[in-house]
Amino acid sequence: MKLIYQIGRLDPQMKILKFRYKGNEYDVELSLFALKRYFGNCARLVLIYPVSLPLNKSLINQNSNLNDELKKQIEKILNNKDEYLKNPTEFFSFHPHNQKANDFVLIHSIGEYEKVKFESSYDDIVLEILFDMIERYLDCGFEEVYIDISGGLNIYIAALLEAVRHFSIFNRLQNWNSEKSKIYKVFSEPIIGSTSTTYEIYEVPVEFKVFYSSPIKKKDIDNYQLSRKITESLFGDAHNRQEFKNKIQRYFKNFAVHFSAIKNATPLANYTFEIDSSCDIEKSLREIISLGKKKLYENWLKSPQLSKEEFLKILHSLSFYKGIAKIFKCENINPTGDCGVSLEEIKKFKKVYEVFGLNLNITFLGNEIWKLTEAKDDKNRRLKDKVSDDWKPLNEFINGEGNEFNPRNFFAHAGFERTITEVRKCNGKLYFRYMAQERDRVKDQLKDNC
């Protein structure tokens, strides 16, 4: 499926124009209607309307091309602006362009129109568009997005372009090993002042790179810092606040642990700690967006001034966490807890590093595995020659690094820190696990280094 966005308009001279797209000509009111005609049923067209559009007296003057019924509705709005702003969606459902579009989304306005002052935030408008894109993606999983910017370089176009950039990052973070949505900017030749009778439509592919980097840091997790801020901005009262905050905090911690374990090449931690399912993570993403939209649309005159930075952190973190969960499921990586995990199984983790482009981790882990399997002591014995079928601390068999936990050694040995790791042999294979009483320490080290 293809998704097409354009900032909608409402002006007195909404006439038919001739657009050309990939050699085909279409007589339509907006350039994106030409795209919709070209792509057919595989495309869904969404118009974005600033709420202030009908607050314009020129829409109902004698030179206006709008139909009489629409003029009556606009005149009614101009005579009772407060009533209109209680439920502006009702008016836009009758917008003539919606007959050709599949859907529309209403956003806040900035500026003063017919003595009505809109005190909205640019960041809130970006979030409104971004929330809509993410919801439609989660619902339909479209492969291509076309952003039509033919309406001019105004604040709403800027917000649309920024929103699609954040969406692209969101999309890529959860699709490291699968197809990502392709994004195109679309624009027509200038219309105002032009003597041309046919306007060419151009498209430019847009790509935003994503790197293996965490959207959240230790300071965001400590003392519920980010989860508390997000919760306070979404809930006006205490109802359900604590439950929501705890859930988001748990997701942050779990993501930080698994992200950091992958980043720092400590795969034993990935096999030790639980990871949420991609379905559960998506449910929480939907809940956050639903709550965010509810908060944004409480007042059409003044938006709530949400922190775009904080919401991007949570959206991108959960999307990244979902991406990790999908890869683990694909590679059949499951927590083993007290049962431990074989070194043969851990060797397979290099596929995860390949997906994330962390090729140095493959070499780093390979060197540590060689030490654990092939290195010999002064009596010419390898590790598997010394261990039994009982769990024993690794430092009983490998000496020289002291008897107390050392964070530096934890990362230097790919997570196989000698004083907190236990080893046993079963059917000729080496198995490893973290001591139960040391697992919180491992989590803390990973969160501190995400």
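Let me begin by describing the structure that accompanies this report. Worth saying up front: this structure is predicted, and the values here are computed from it rather than measured.

Conventions adopted
Residues numbered from 1 in each chain as written. Predicted model: local features only at pLDDT ≥ 70, side-chain atom pairs only at ≥ 80, totals over all residues. Heavy atoms only, no water. Helix = DSSP H or I, 4+ residues; strand = E, 2+ residues; numbered from the N terminus. Rg over C-alpha atoms; globule rule 2.2 N^0.38 Å. Buried < 20%, exposed > 50% of the residue type's maximum accessible area, 1.4 Å probe, protein only. Contact = heavy atoms within 4.5 Å. Areas by Shrake-Rupley, 256 points an atom, 1.4 Å probe, with all protein chains shown as cover. Lys, Arg positive; Asp, Glu negative; His and termini not counted. Charge placed at Lys NZ, Arg CZ, Asp CG, Glu CD. Pairing = 2+ DSSP bridges. Axes fitted to C-alpha atoms, helices over the stretch in contact; angles between N-to-C directions. Phe/Tyr/Trp six-rings, centres within 6.5 Å; stacked < 30°, edge-to-face > 60°. Lys NZ or Arg CZ within 6 Å of the ring centre and 35° of its normal. Parallel < 35°, antiparallel > 145°, perpendicular 65-115°, else oblique. Left-handed = near helix turned anticlockwise from the far one by under 90°.

1. Focus on the overall build of the chain
Here comes step 1: When you go through the chain residue by residue, the secondary structure sums to 18 helices and 14 strands.
Here comes step 2: Taken over the C-alpha trace, the chain has a radius of gyration of 28 Å; the compact-globule value for 450 residues is 22 Å, which it surpasses by more than 25%.
Here comes step 3: Along the longest, intermediate and shortest principal axes, the C-alpha atoms of the chain span 100 × 55 × 30 Å.
Here comes step 4: Burial status across the chain gives 52% buried among its 450 residues.
Here comes step 5: Long-range pairs, those at least 24 residues apart, make up 71% of the contacts in the chain between residues at least 6 apart in sequence.
Here comes step 6: Accessible surface for the chain amounts to roughly 21200 Å². Of this, 45% is attributable to carbon and sulfur atoms.
Here comes step 7: The centroid of the 69 positive side-chain charges in the chain is displaced by 2 Å from the centroid of its 63 negative side-chain charges.

2. Some words on the sheet that holds strand 10 (residues 198–206)
Sheets are built from strands paired through backbone hydrogen bonds, the pairs being either parallel or antiparallel.
Here comes step 1: Reading across the sheet, the 8 strands line up as 3-2-10-9-8-1-4-5 and stay open at both edges, with mixed pairing between neighbours. Among the strands making up the open sheet, the edge pair consists of strand 3 (24–28) and strand 5 (103–107). Here the average twist between neighbouring strands, direction ignored, is 25 degrees.
Here comes step 2: Examined bridge by bridge, strand 2 (residues 17–21) and strand 3 share 5 bridges and lie antiparallel to one another. Residue leucine 17 lies in a different strand from strand 3, and its bridge partner there is valine 28.
Here comes step 3: Contacting strand 1 (2–7), strand 4 (43–50), strand 5 and strand 8 (144–148), helix 5 (residues 122–140) runs over the sheet at an angle of about 155 degrees to strand 5.
Here comes step 4: Packed on one face of the sheet, helix 6 (residues 155–173) meets strand 1, strand 4, strand 5, strand 8 and strand 9 (182–188) and runs near 165 degrees to strand 8.

3. Quick notes on the packing of aromatic side chains
Here comes step 1: Evaluation of the coordinates by the stated rule reveals 37 aromatic pairs.
Here comes step 2: Note on tyrosine 84 and phenylalanine 91: the rings are 6.4 Å apart at their centroids and 85 degrees apart in plane angle, and the pair reads as edge-to-face.
Here comes step 3: Note on tryptophan 176 and phenylalanine 356: the rings are 5.0 Å apart at their centroids and 70 degrees apart in plane angle, and the pair reads as edge-to-face. Within this pair, whereas tryptophan 176 is found in the loop between helix 6 and strand 9, its partner phenylalanine 356 is found in helix 14 (residues 350–356), the two being separated by 180 residues in sequence. Neither tryptophan 176 nor phenylalanine 356 differs from the other in exposure class; each is buried.
Here comes step 4: Lying over the aromatic face of tyrosine 251, arginine 250 brings its terminal NZ or CZ to 4.9 Å of the ring centre.

4. Focus on the pairing of strand 13 (residues 421–426)
Here comes step 1: Pairing geometry for strand 12 (residues 392–393) and strand 13, over 2 bridges, is antiparallel. If you follow proline 393 over to strand 13, its bridge partner there is glutamate 422.
Here comes step 2: Counted between consecutive antiparallel strands, the loop separating strand 13 from strand 14 (residues 429–434) contains 2 residues, among which asparagine 427 sits at a positive phi close to 55 degrees.

5. Some remarks on the packing of helix 5 against helix 6
Here comes step 1: Two elements in contact, helix 5 and helix 6, have axes separated by 8 Å at closest approach and are oriented at 45 degrees. One finds that helix 5 runs oblique with respect to helix 6. Relative to helix 6, the crossing made by helix 5 is right-handed. Together, Tyr122, Ile125, Val126, Ile129, Leu130, Met133, Ile134 and Tyr137 of helix 5 and Ile155, Tyr156, Ala158, Ala159, Leu160, Glu162, Ala163, Val164, His166, Phe167, Phe170 and Asn171 of helix 6 make up the contact between the two elements.

6. With respect to the sheet that holds strand 13
Here comes step 1: Here we have 4 strands laid out as an open sheet, ordered 11-14-13-12, and antiparallel in their pairing. In the strand order of this sheet, the two ends are held by strand 11 (341–342) and strand 12, each with one partner.
Here comes step 2: Where strand 13 meets strand 14, 6 bridges bridge the pair, whose relative direction is antiparallel. Paired with threonine 421 across the strands is tyrosine 434, a residue of strand 14.

7. Comments concerning the environment of valine 145
Here comes step 1: With respect to the element layout, valine 145 can be found in strand 8.
Here comes step 2: Exposure remark for valine 145: the relative accessible area of 1% places this residue in the buried category.
Here comes step 3: Between the C-alpha atoms of valine 145 and serine 181, which are 36 residues apart in sequence, the distance is 7.0 Å.
Here comes step 4: Beyond its immediate sequence surroundings of up to four residues, valine 145 is in contact with Leu3, Tyr5, Val164, Phe167, Lys182, Ile183 and Tyr184.

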